[in-house]
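Architecture and fold: a report
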Amino acid sequence: MKNVKKSLNIFKILVFICFFFFNFNGEAQVNWTNDGRSYYKLEKNQLLTYTLPNHDTKTVITKEQLTPADTSEPLNVDHFSFSSDQQKVLLFTNTKKVWRLNTKGDYWVFNFKTNTLRQIGKSLPPSSLMFAKFSPDGNTIAYVSNNNIYAEEDASGNIKPLTTNGTVSLINGTFDWAYEEEFACRDGFRWSPDSKSIAYWQIDASDIKKFYMINNTDSIYSQLVPLEYPKVGETPSACKVGVVTISDAKTTWMDVPGDVSQNYLVRMEFIPSTNNLLIQQLNRKQNQSKLYIAEALKGTTKSIYEESDEAWVDLFQLGNSYAIDYTNNFNFLNENKSILWASEKDGWRHLYQVSLEGKPEVLITKGEYDVIDLKHINSKEGFVYYLASPDNATQKYLYKTKLNGKGKNELLSPESLKGSHDYSFSSNGTYAEHTFSNHFTPYSKEFISVANHKALTEEESILKNIKRLEEKPTTEFFTITTSDNIEMDGWMVKPTNFDPNKKYPVVFYVYSEPAGTTVKDTYNVSRNRNYNGNMAEDGYIYISLDNRGTPAPKGRAWRKSIYRKIGVININDQAMAAKEILKWNFVDSERVAVWGHSGGGSATLNLMFRYPNIYKTGISLAAVANQLTYDNIYQERYMGLPQENMEDFIEGSPVTYAKNLEGNLLYIHGTGDDNVHYQNAEILVNEFIKYNKQFQFMPYPNRTHGIREGEGTYKHLSTLYTNYLKLHCPPGGR
C-alpha cells in the first residue's frame, strides 16, 4: 500500500509541474522573478509565486484583488508582465486575434504597493490595446491602439498620443501582415533606457495593392475583405524607424541609408544605458545584412557590420519564443560593447561576439554542427548555453561553452535521455525548467540546478521516473539514401499487427520547404491530426521525410541548396526517397498516398503531377498552386525576384504540371485564407478544367489558413480526409 501511495504521489507531482502554457513547438514559457529564485503562475484567477528549490507557494495577487470594483467576477487574465522592479504588473484580458495570435485586448495595472487595480486606455476602443509595457522607471505605460502609440502616466491616468497619423495602411508601433508573418515582428516599439522617449517602427503600406477576399456567408450581400498583401515581385512596404520624445510628442527619424521600400528593418533596440539604437537592415533579396548604430536624438547613423550570403541571410531568432510580444531582440555582451550574433559564414550556424566598436569578431562555438537555439547567457561566469545536436539532426541537447571563444563545447543534458531537450533559465542562471520528450516519452518537466543538471527533488526527476514515463515505441526513425546519394532522415509507423510477409499501403506526410521540418524526435511527431481513427490499427504505413532545404541542423549547404529551387529539389528528394522505400518487400507500390498542408499541400500537388508512377492518391490542403501568388518576403528570400528569374517560379509551381494529373486528388482550401489565398484554388481548378482532369474539391467558406474556424469544421475535415483516403488507398495487408 505504501508503494501504491508513493507512486500516486510521484504521479501527482509530475502532473503538478506540467502547468505552463506552451508555444507552437510545445516549449514552455516560465515567468521568472528578478532574483531568479521563484517563478510566477496564474492559477484559478490568482497570481502565485513558487519559490525553489521546494516549490513553496505564495499568493501575490488574490482573486479579490483581481476583481474590478464595479464587478463581482475577477479578471480572466491571458498574459501578464511586470515593471522592472516587479512592483507593478500589467494584466492582459479580453484578447482578440490579429492574424496568428491574440495581440489586441484590454490591459489593467495592479500596484503591489497601493494594492490597487485599474484599467488603462479606458478612453480608447475596447480590446484595442497592443503590447502595453512599463517605462524602465515604472512611471509610464506605453501601448498601441489603432496603429498609433500612446503614453499613459500611471499615477494620474493621463493619456498622451505620441503619434496621430496612424491608419489601416500607415502603421505605427506594430507591423503589417507581411512583416508579422515572415519576420515574426509584432511588438513595434521600444522604451529608451532613461524613460524619456520611445523608438518605433513605422510601416507605410499605402502603396501595397489590396487583395480582396470575399465573405459570402455572413449577410445576404457579399462582403469584400481587403488585405494589404505584397505579392512576390511587388514593391515591399516602406519602413522607417523614429524616436518620439514623451514630453513633446516630436519624432526624429533615423537616417538609415537605402531606399525605404527596397530594404527591411528587422531588428531595432536601444543599446542599454545609452541613447543609441542598434538597427539591423536586410536588403530586399535578404542576402545582405547590415548593422547600424543610430543616435536617437539626432537621427544620424553609421554602419558597423555587414554580412552577405549567396542565397539568403538567415534572420536567426536567438533565444526568442513565439510569444505574444515576439520580437527579434539583440543580446548584448561585454558591458554592451558587443552583441551575440549567429552566422552561417563558415558553413555552420555558429555564435560570434560582434563588436559595436569595430574590434575583430570572436567565434564562440566551433565545429561541424549547428547551434539550434540560444538558451542563456551568463556574463558573470563567462558562459553561453545553447541547444545543438552534432550527431542526430532530429534531436537537441543543451551545451555550454565560454563566451571568449576559448572553451570546449560541453554537453549538459543527460546522455541517457536520447531525444529533444529544452530549457527555460531563471534570471540569474541558477535554476532552469528542463523539458524532455522523444517519440515514446510524453513531454516531461523538472526544475534543475544548472550547476549539476540535477532535479531539485527526486519526485520530479525525469531520470528517476523515466521508465514510468516511457511508452511502448510505435515510431521508427531511419535514414534512407537516394540514387542521387542524398541521405534523408525519416520516421515510420508500421501497422499494429504488422506481418512482414504482407504488403501494406503507405501514406507520406510532407512539408519539405525552408519554414519547417517534420522529422523530429519528439512525442506525437507521427500523429496524423486529420485522420479520424488510428492509422496503424487500420493497417497503414505512415512515413515522413526531411529533404534538402528543410531547416534541419545539417549545415548551411543542406539548408540553402533549395535557393531558387523550391518545387524542384525538394520534390525530387521526396520522390527519390519514396522510390527507394517502394523497394521494401512489405510496401504495396499500388497503394501509395501523400498529403500535406500549406507548403506540404504544394509539395503534394507537385508530387502527384510530376511522379504519378509513384503517388496514386493525394490530399492537398491550403496549397500554393502558383508561386507568383505568395508574399514577397517569403518567396523572394528563397526564390529571388521574378523580374530576374521568372523561369524558376514557373518550374517550381504545381500549376505548371496540373495537366499531368493521373491519380486521385482531394483538393481543400479555405476561402478566407489570408496567408495562401483562395485564388490558388481557382487558378488550379481552371487548369484541371482545361485538361479535363477529374478530382474532388472542398472549399471551406471563410476559413483561414489553418481551416479551423466554424462549428463542425474539424469533424467535417477529418471525416472527409479519412473517407477519401480509405476509398482510394484502402488500408490493410495483402
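Residues numbered from 1 in each chain as written. Predicted model: local features only at pLDDT ≥ 70, side-chain atom pairs only at ≥ 80, totals over all residues. Heavy atoms only, no water.

Where an unreviewed UniProt entry is consulted, the chain appears under the name Dipeptidyl-peptidase-4, with the organism given as Maribacter arcticus.

1. Topic: the overall build of the chain
Across its full length, the chain carries 11 helices and 43 strands. The globule rule puts the C-alpha radius of gyration for 734 residues at 27 Å, and the 26 Å found for the chain is close to it. Considered along the principal axes of its C-alpha atoms, the chain spans approximately 75 × 70 × 60 Å. Sorting the 734 residues of the chain into buried and exposed places 58% on the buried side. (Helix = DSSP H or I, 4+ residues; strand = E, 2+ residues; numbered from the N terminus. Rg over C-alpha atoms; globule rule 2.2 N^0.38 Å. Buried < 20%, exposed > 50% of the residue type's maximum accessible area, 1.4 Å probe, protein only.)

2. Some thoughts on the packing of aromatic side chains
The final tally for this structure, using the stated rule, is 39 aromatic pairs. When the ring of Phe478 is compared with that of Trp584, the centres are 5.6 Å apart and the planes differ by 75°; the resulting orientation is edge-to-face. Here Phe478 is found in strand β36 (residues 475-481), whereas its partner Trp584 is found in the loop between α6 (569-581) and β40 (587-597), with 106 residues between them in sequence. On the accessibility criterion, Trp584 (23% relative accessible area) is partly exposed. For the ring pair Trp491 and Tyr542, a centre distance of 5.2 Å and an interplane angle of 70° mean the geometry is edge-to-face. (Phe/Tyr/Trp six-rings, centres within 6.5 Å; stacked < 30°, edge-to-face > 60°.)

3. Structural notes on unusual backbone geometry
Residue Pro53 follows Leu52 across a cis peptide bond; omega there is 10°. Note that Pro53 resides in the loop between β3 (46-51) and β4 (56-61). Positive phi, normally seen in glycine, also occurs at Ser195, with a value near 65°. Positionally, Ser195 belongs in the loop between β14 (189-191) and β15 (197-204).

4. A short note on the nonpolar core
Core analysis: the biggest nonpolar cluster contains 48 residues, and Tyr179, Phe183, Val241, Met254, Leu277 and Ile279 have the highest contact counts within it. Of all the secondary structure elements, the ones that give two or more residues to this core are α2 (177-183), β15, β16 (210-215), β18 (238-245), β20 (263-270), β21 (276-283), β22 (288-295) and α8 (632-639). Ranked by residues supplied to this core, first place goes to β20 with 5 residues. Of the domains in this structure, domain 1 (96-103 + 117-467) and domain 2 (475-728) are the two that each give at least three residues to this core. With 45 residues, the next largest nonpolar core counts Val506, Ala552, Met608 and Val655 among its residues. (Core = buried A, V, L, I, M, F, W, Y, C linked by side-chain atoms within 4.5 Å. Domains from an automatic or database assignment.)

5. Examining α6
Between its first and last C-alpha atoms α6 spans 18 Å; for 13 residues at 1.5 Å apiece the expected length is 18 Å, and the two agree. Across the 13 residues of α6, 11 count as buried, placing the element largely inside the fold. Residues of α6 that are buried sit in contact with β36, β37 (487-493), β38 (504-509), β39 (541-546), β40 and α7 (599-610). (Expected span 1.5 Å × (residues − 1). Contact = heavy atoms within 4.5 Å.)

6. A short note on a positive patch on the surface
A surface patch of like charges, here positive, comprises Lys97, Arg527, Arg529 and Arg708. Within the secondary structure layout, Lys97 lies in strand β6 (residues 88-98). On the basis of relative accessible area, Lys97 is assigned to the exposed category, the value being 51%. (Patch = residues over 30% accessible without salt bridge, like charges linked within 9 Å, V, L, I, M, F, W, Y side chains within 5 Å. Areas by Shrake-Rupley, 256 points an atom, 1.4 Å probe, with all protein chains shown as cover. Salt bridge = Lys/Arg side-chain N within 4 Å of Asp/Glu carboxyl O. Lys, Arg positive; Asp, Glu negative; His and termini not counted. Charge placed at Lys NZ, Arg CZ, Asp CG, Glu CD.)

7. Observations regarding the pairing of strand β23 (residues 301-308)
Each regular strand carries side chains that alternate between the two faces of the sheet. Summarising the sheet, β22 and β23 pair through 7 bridges and their orientation is antiparallel. Residue pairing for β23: Gln288 is matched across the bridge by Ser308. In this antiparallel pair of consecutive strands, β22 and β23, the connection spans 5 residues, and Gly299 shows a positive phi of 90°. (Pairing = 2+ DSSP bridges.)

8. Quick word on the packing of α6 against α7
Two elements in contact, α6 and α7, have axes whose closest approach is 10 Å; the angle formed by their N-to-C orientations is 65°. As for the relative orientation of α6 and α7, their crossing is right-handed in sense. For the pair α6 and α7, the contacting residues are Ile571, Gln574 and Ala575 in the first and Ala603, Asn606 and Leu607 in the second. Residues belonging to the contact of α6 with α7 are distributed by class as follows: 4 nonpolar, 2 polar and no charged. (Axes fitted to C-alpha atoms, helices over the stretch in contact; angles between N-to-C directions. Left-handed = near helix turned anticlockwise from the far one by under 90°. Nonpolar A, V, L, I, M, F, W, Y, C, P; charged D, E, K, R; others polar.)

9. Describing the side chain of Thr49
Its location among the elements puts Thr49 in strand β3. Contact partners of Thr49, with chain neighbours within four places excluded, come to Tyr39, Tyr40, Asp56, Thr57, Lys58 and Val60.

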